[in-house]
Amino acid sequence: CRMKVSVKADFNKLVKAFEAAPEETRAAVRLQVKAAARDIQEYAREHHKFVTRGGATEKSIQMHAEGNTATVYLGSDVAVYQHEGTPPHIIKARNKLALRFVRNGDFVFCKRVHHPGIQADPYLFDAAEHERARIQSRFADAIESVLGRL
């Protein structure tokens, strides 16, 4: 499942900046792309509805920036299940005789469990939407800054 976040800009100013100072403009755009991805990653790690049990799911929210593009992605199956949700399903013991888990402070053993499913928590999409206005504003400021130095 993919979601793209586009940045709306005054393209006349962007073209003018690239024509006048291509390297400086390219550097400013790349810096803002990386900062935008970092901000989305951090917001998603801090604002979700699932219960944290050690932080591995939050840590699996990864970011990769290269050139003029950046990707924020979920690096574990558990993170995807939390984000997308799952339907009700049966979990069966595969490699052992029984499943073991804690309920009310006691260990419980059984051959299978009827899992109710996981309600979707689209924290990555929510983070992108939450950060959109700030990202667009910073891009505009960065281009204005390049043009102001010309």
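Now for a description of the structure that goes with this document. The structure displayed is predicted, hence computed values, not measured ones.

Considering the pattern of salt bridges
Step number 1: The final tally for this structure, using the stated rule, is nine salt bridges.
Step number 2: Across the pair Glu23 and Arg26 runs a salt bridge, and its minimum N-O distance is 2.8 Å. Here Glu23 and its partner Arg26 are both found in helix 2 (residues 22-46), three residues apart, which amounts to about one turn of the helix.
Step number 3: We classify Glu23 as exposed; its relative accessible area is 57%.
Step number 4: Between Asp121 and Lys49 there is a salt bridge; the shortest N-O distance is 4.0 Å. Of this pair, Asp121 sits in the loop between strand 6 (112-115) and helix 5 (123-148) while Lys49 sits in the loop between helix 2 and helix 3 (56-59), and the two are 72 residues apart along the sequence.
Step number 5: Judged by its relative accessible area of 4%, Asp121 is buried.

Reading the values: the criteria
Residues numbered from 1 in each chain as written. Predicted model: local features only at pLDDT ≥ 70, side-chain atom pairs only at ≥ 80, totals over all residues. Heavy atoms only, no water. Salt bridge = Lys/Arg side-chain N within 4 Å of Asp/Glu carboxyl O. Helix = DSSP H or I, 4+ residues; strand = E, 2+ residues; numbered from the N terminus. Buried < 20%, exposed > 50% of the residue type's maximum accessible area, 1.4 Å probe, protein only.

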